[in-house]
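Below, each chain spelled out in residue letters.
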Amino acid sequence: MSKHARPRSSPRTGPRTRTRSRSSRNLVVAAAVGLLTCSAGWAYAVHDRGDRERRTEAALDAHARAGGAGTGTGARAARGAEREDLSGLPGVSDATRARIPADARQLVLVTGKAKDSSEGTAALYTRAQAGERWSPVGSWPARNGAKGWSTERTYGDLTSPQGVFSLTDAGGLLAPPPGTRLPYDKDSSFVPSGRGVDGESLAGSFDYVVAVDFNRQRGVSPLDPTKPEGEAKGGNIWLHVDHDGPSQGCVGIPKEAMRKVLETLDPAAKPVIVMGPAGF
């Protein structure tokens, strides 16, 4: 009965008082029952939500295990993937990411399919300022050393050096694409000799090159043979036009990709190349 109900025109005494008392007691009992029911429902809802969360986490763990996740639980792997996504650089470990200079605002990411693979992907990234998320500009198929990647590369081992390196100098047989800002050495000496590792033609491979600052002197032509850390480590590692085959240590990408890279890289943005197998 609503407490706002209209009163009767001829109020009664006695029985009505008793009736109200019973009604009040009934209301108290009903309210108590309702409260208990509501509390039970709330408790069930909380318990059910906890069950759903546990089932969801178990499903994520199972999915991660089915997908070949490494060490740790699926939840930790998911959190790691989320961190990678937030950085804008997928497939790069925290340790490698920490080596990227804070003032770098342009980056070429080369990700190999595996440690011993000569195939991978190259992607160009930029960001407006330090600390911001990296934004992709373009992505292309890439080829690297015939025997994959190495952190301790030696001359002639047919691996590409793994790590983070600056990009300061460019050159090539052809004139630089319009808008090129890296120092560019156009020289007729940018002509490869012999054939590729698999016997393929190397013609046009050095039409455009960007020197990777691995065991080289910065600020000079990519043709400069100086190796500050010694001949045994090898050198003259370039980003150049792909010749449809593995390299002796350089990274090859399509010709149009090289043009895009040269049109984009700016010394003022401190460009770097980050290269290695997936997850490095």
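Note on numbering: residues in each chain are counted from 1, in written sequence order. Totals for whole chains, interfaces and linings use all residues, but because this is a predicted model, local features are given only for residues with pLDDT of at least 70 and pairs of side-chain atoms are given and counted only at 80 or more. Hydrogens are left out, water is left out, and the side-chain values use all remaining heavy atoms of the structure.

Asks: Requested: an account of the nonpolar core, with residues and values cited.
Replies: By nonpolar core we mean a set of buried residues, namely Ala, Val, Leu, Ile, Met, Phe, Trp, Tyr and Cys, connected to one another through side-chain atoms within 4.5 Å. Accessible area is worked out with a 1.4 Å probe on protein chains only. A residue is then buried under 20% of its type maximum, exposed over 50%, and partly exposed in between. Counting residues in hydrophobic clusters, the biggest one holds 28 residues, and the most contacted among them are Val110, Val210, Val212, Leu239, Ile253, Ile273 and Met275. Broken down by secondary-structure element, the contributors of at least two residues to this core are strand 1 (106-112), strand 2 (119-126), strand 3 (135-143), strand 10 (238-241), strand 11 (251-253), helix 4 (255-264) and strand 12 (272-277). Numbering of helices and strands runs from the N terminus; a helix is a DSSP stretch of H or I covering at least four residues, while a strand is a stretch of E covering at least two. Of the residues forming this core, the biggest block, four residues, is contributed by helix 4. Among residues more than four places away in sequence, those in contact with Leu239 are Val108, Tyr208, Val209, Val210, Val212, Val251, Ile253, Met258 and Val261. Ranked by size, the runner-up nonpolar core spans 13 residues in total, among them Ala104, Ala123, Trp134 and Val274. By definition, residues are in contact when any of their heavy atoms lie within 4.5 Å.

Asks: Lay out the pattern of salt bridges in plain terms, naming residues and giving numbers.
Replies: Think of a salt bridge as a Lys or Arg side-chain nitrogen and an Asp or Glu carboxyl oxygen that are within 4 Å of each other. By the definition in use, this model includes eleven salt bridges. Note that Arg216 is salt-bridged to Asp169, the shortest N-O span being 2.9 Å. Here Arg216, found in the loop between strand 9 (209-211) and strand 10, pairs with Asp169, found in the loop between strand 6 (163-166) and strand 7 (170-172); they are 47 residues apart in sequence, far enough to count as distant. What makes Arg216 buried here is its relative accessible area of 12%. Of the residues examined, Asp169 reaches a relative accessible area of 4% and is grouped as buried. One salt bridge connects Asp266 with Arg181, and the closest N-O pair in it is separated by 3.4 Å. Taken together, the residues span a long stretch of sequence, with Asp266 in the loop between helix 4 and strand 12 and Arg181 in the loop between strand 7 and strand 8 (184-186) at a distance of 85 residues. Residue classification places Arg181 among the partly exposed positions, given a relative accessible area of 44%. Because the salt bridges share partners, they merge into one network encompassing Asp169, Asp213, Arg216 and Arg218.

Asks: How would you explain the packing of aromatic side chains if you had to name every residue and give the values?
Replies: Each aromatic pair joins two rings of Phe, Tyr and Trp (for Trp, the six-membered one) with centres within 6.5 Å, and gets the label stacked for planes under 30 degrees apart, edge-to-face for over 60, and tilted for any other angle. Evaluation of the coordinates by the stated rule reveals three aromatic pairs. Aromatic pair Phe190 and Trp238: ring centres 5.6 Å apart, planes at 50°, arrangement tilted. With Phe190 in the loop between strand 8 and strand 9 and Trp238 in strand 10, this residue pair connects regions lying 48 residues apart in the sequence. Since its relative accessible area comes to 8%, Trp238 is described here as buried. Here Phe206 and Trp238 contribute two aromatic rings whose centre-to-centre distance is 4.9 Å and whose plane-to-plane angle is 75°, an arrangement assigned as edge-to-face. One end of the pair, Phe206, is in the loop between strand 8 and strand 9; the other, Trp238, is in strand 10, and 32 residues separate them in sequence.

Asks: Just give me the short version of the side chain of Ser247, but keep the residues and values in it.
Replies: In this fold, Ser247 is placed in the loop between strand 10 and strand 11. Under the relative-accessibility criterion, Ser247 is labelled buried at 7%. Reaching out from Ser247, the side chain makes a polar contact with the backbone oxygen of Cys250 at a distance of 2.6 Å. Other than its neighbours up to four places away in sequence, Ser247 contacts Asn144, Gly145, Ala146, Leu158, Ser160 and Val197. Pairs of N or O atoms are called polar contacts if they sit within 3.5 Å, as long as, within protein, a hydrogen donor faces a hydrogen acceptor (for residues adjacent in sequence, only side-chain-to-side-chain pairs).

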